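# Close look at the chain arrangement
As a plain string of letters, each chain reads:
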Amino acid sequence: MNAPDHKPGPQPKPEAPRPQPPKPQARPVRVSLWRYVRLFRDDILSAQPAKLYRAWMAEFRAPSFRSFLINQPDLIKRVLKEEPDVFPKSDRIAEGLKPLLGNSVFLTNGETWKRQRRIIDPAFEGGRLKATYPAMRAAADSAIVRLQRQVGQGAKVEAEEITSHVAADVIFRTLFSIPIENEVAGEVFTRFRNYQRSQPLLNLAAFVPLPKWMPRFFRRGTRPNAKVIRALITKLTEARMAAIKAGTAPEDLATKIMTTCDPDTGERFDAQEMVDQVAIFFLAGHETSASALAWTLYLMALYPDWQDQLVLEAEALEDESFSAISKLRLSRDVFREALRLYPPVPMMVREASCPVTFRNRLVPKGAQIVLSPWHLHRHERLWDNPDGFDPSRWQTENGKQCQREAYIPFSAGPRVCPGAGFAMVEGPLILSLILRHFKVTCISGAEPVPVAHLTVRSKNGIWLQFTPRGEADQS
Ligand code: HEM
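A few points on the structure. Quick caveat: nothing in here was measured; it's all calculated off a predicted structure.

The rules behind the values
Residues numbered from 1 in each chain as written. Predicted model: local features only at pLDDT ≥ 70, side-chain atom pairs only at ≥ 80, totals over all residues. Heavy atoms only, no water. Near = heavy atom within 4 Å. Polar contact = N/O pair within 3.5 Å; in protein donor to acceptor, adjacent residues only side chain to side chain. Helix = DSSP H or I, 4+ residues; strand = E, 2+ residues; numbered from the N terminus. Donors = N, O, S within 2.8 Å, 3.2 Å for Na, K, Ca; no water. Buried < 20%, exposed > 50% of the residue type's maximum accessible area, 1.4 Å probe, protein only. Core = buried A, V, L, I, M, F, W, Y, C linked by side-chain atoms within 4.5 Å. Axes fitted to C-alpha atoms, helices over the stretch in contact; angles between N-to-C directions. Parallel < 35°, antiparallel > 145°, perpendicular 65-115°, else oblique. Contact = heavy atoms within 4.5 Å. Nonpolar A, V, L, I, M, F, W, Y, C, P; charged D, E, K, R; others polar.

So, about the site of the ligand. Close to the ligand lie 25 residues, the nearest being Trp-113, Arg-117, Arg-350, Arg-415 and Cys-417. One nitrogen or oxygen atom from the main chain of Val-105 is found 3.4 Å from an oxygen atom belonging to the ligand. Taking Arg-415, its side chain carries an N or O atom lying 2.8 Å from an oxygen atom of the ligand. When residues of the shell around the ligand are traced back to their parent elements, those giving at least two are α4 (110-120), α11 (271-302), β4 (348-351) and α16 (420-437).

In structure tokens form, the structure reads like this:
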């Protein structure tokens, strides 16, 4: 049989290799405890050895403590879902956060925590998202107007600044029906930023316990900032309490939480406890979303083919009703993939309240159990193409299985993030709306380096070129 006649015509260009999303360099294999502590203080991610991306469990042993990082799906399930009461949050997490967060749901354990969740959870149930949506959309629209003013015909922009601002606006509008331009809201936002710089949520003490006798020093600015923030939040909650009594309160998250009774005891939050909860909603709810959105924007600049697809899909947002969200399927897959590669909460810590056995090894009472979404989400023995950006993985068998067993950006079990559903509407909405109005492109020489502070951030910010779509489309 004759071979088909192949004429040498123009050959398709070989595809340029796709860039890999940035990943921090791992540390050398062996380091002393003190060097580890120093590396850790600078950045939790680069302080870890590369083998954690392949290990099922790793033990860190020092004279004063034992710490076990677990990366094995059934162990994670056991700690978070099956036996959460055996593995409570460590008291050490509260160190440094108490001045601001008091007795907030993020720090409590046992019966107090269970009661707080019974009151908070109904405010975030699926059906409530629809009621929250107009406020979210208003915050997103107003971010577009701000950006249009800021970038004019096009400009270099630090994405984390933009996303922090809009995520804070979302929280104020959904919680208290006030925009970030409100004087009190604006001041809380600025003060929180200063507080975080002085006292990150992910504190060293939670991972490397210091002996009890060692004096604790708060960094300068921590206590005074916490005091002012709490006074401002008290002002908001007291005004709301009065509006509820007068029957004039708007139907937002604050009103819902403040009027919900614990179904078991009939109690509501008192003013002080509500201040604690508002502080954590603000802290946990805006920093995390801001980090995820900034990384997603960067990924869209790195993979313009995905950006183009999202722009087309975002036409659905012409419709301002809540139902438009269900049409942002690709945007959700992209956001989910960004949460895999850059989980805003990179590590979580629990404490063994009694001796247990993990992988035939004794874990003594008091040992720290570290769960690391950062390593689990890139685990080389679990994920196909673990370090690559591939939003279509969520439709594959491997992606679906890993989503069930090895994907915990919002944690899991009874202590799962109550704002997860909220964040999965907010993220794709803001992402799609920004891309609908602006083309985002990378700036040469400004590749971000992931580091873990309060959340996973970039060492020198995430710098992107924003060009309004009209102009971008003509160029
Ligand atoms: C992309 C956005 C978000 C991510 C990745 C995220 C992630 C998480 C994670 C991993 C935890 C568990 C931490 C631990 O157990 O140590 C958590 C807890 C929490 N999150 Fe979120 N979160 C997000 C958005 C939100 C939003 C929008 C809110 C509220 C409006 C919120 C409120 C909370 C609260 C109150 C807790 C403490 C729950 C408890 O301990 O019972 N989060 N979040």
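Let us now look at the coordination of the iron atom of the ligand. Protein coordination of the iron atom of the ligand is limited to a single donor, Cys-417 (SG), positioned at 2.3 Å. Along the chain, the position of Cys-417 falls in the loop between α15 (397-405) and α16.

Turning next to unusual backbone geometry. Most of the time, phi is negative for any residue but glycine, and the peptide bond is trans. Positive phi, normally seen in glycine, also occurs at Asn-360, with a value near 60°. The residue Asn-360 is located in the loop between β5 (356-358) and β6 (361-363) in this model. Judged by relative accessible area, which is 80%, Asn-360 ranks as exposed. The phi torsion at Asn-385 lies on the positive side, around 45°, for a residue other than glycine. Along the chain, the position of Asn-385 falls in the loop between α14 (373-376) and α15.

Within the largest apolar cluster, 135 residues are counted, with the highest numbers of intra-cluster contacts made by Ile-70, Met-300, Phe-358 and Phe-466. Examining the composition of this core, we find that 18 residues originate from one element, α11, more than from any other.

Our next topic: the packing of α11 against helix α13 (residues 329-341). Where α11 meets α13, the closest approach of the two axes is 9 Å, and the angle between their N-to-C directions is 110°. Regarding the angle of α11 to α13, the classification is roughly perpendicular. Residues Ala-292, Leu-293, Thr-296, Leu-299 and Met-300 of α11 lie in contact with α13, whose contacting residues are Val-334, Phe-335, Ala-338 and Leu-339. Partitioned by chemical class, the residues of the contact of α11 with α13 number eight nonpolar, one polar and no charged.

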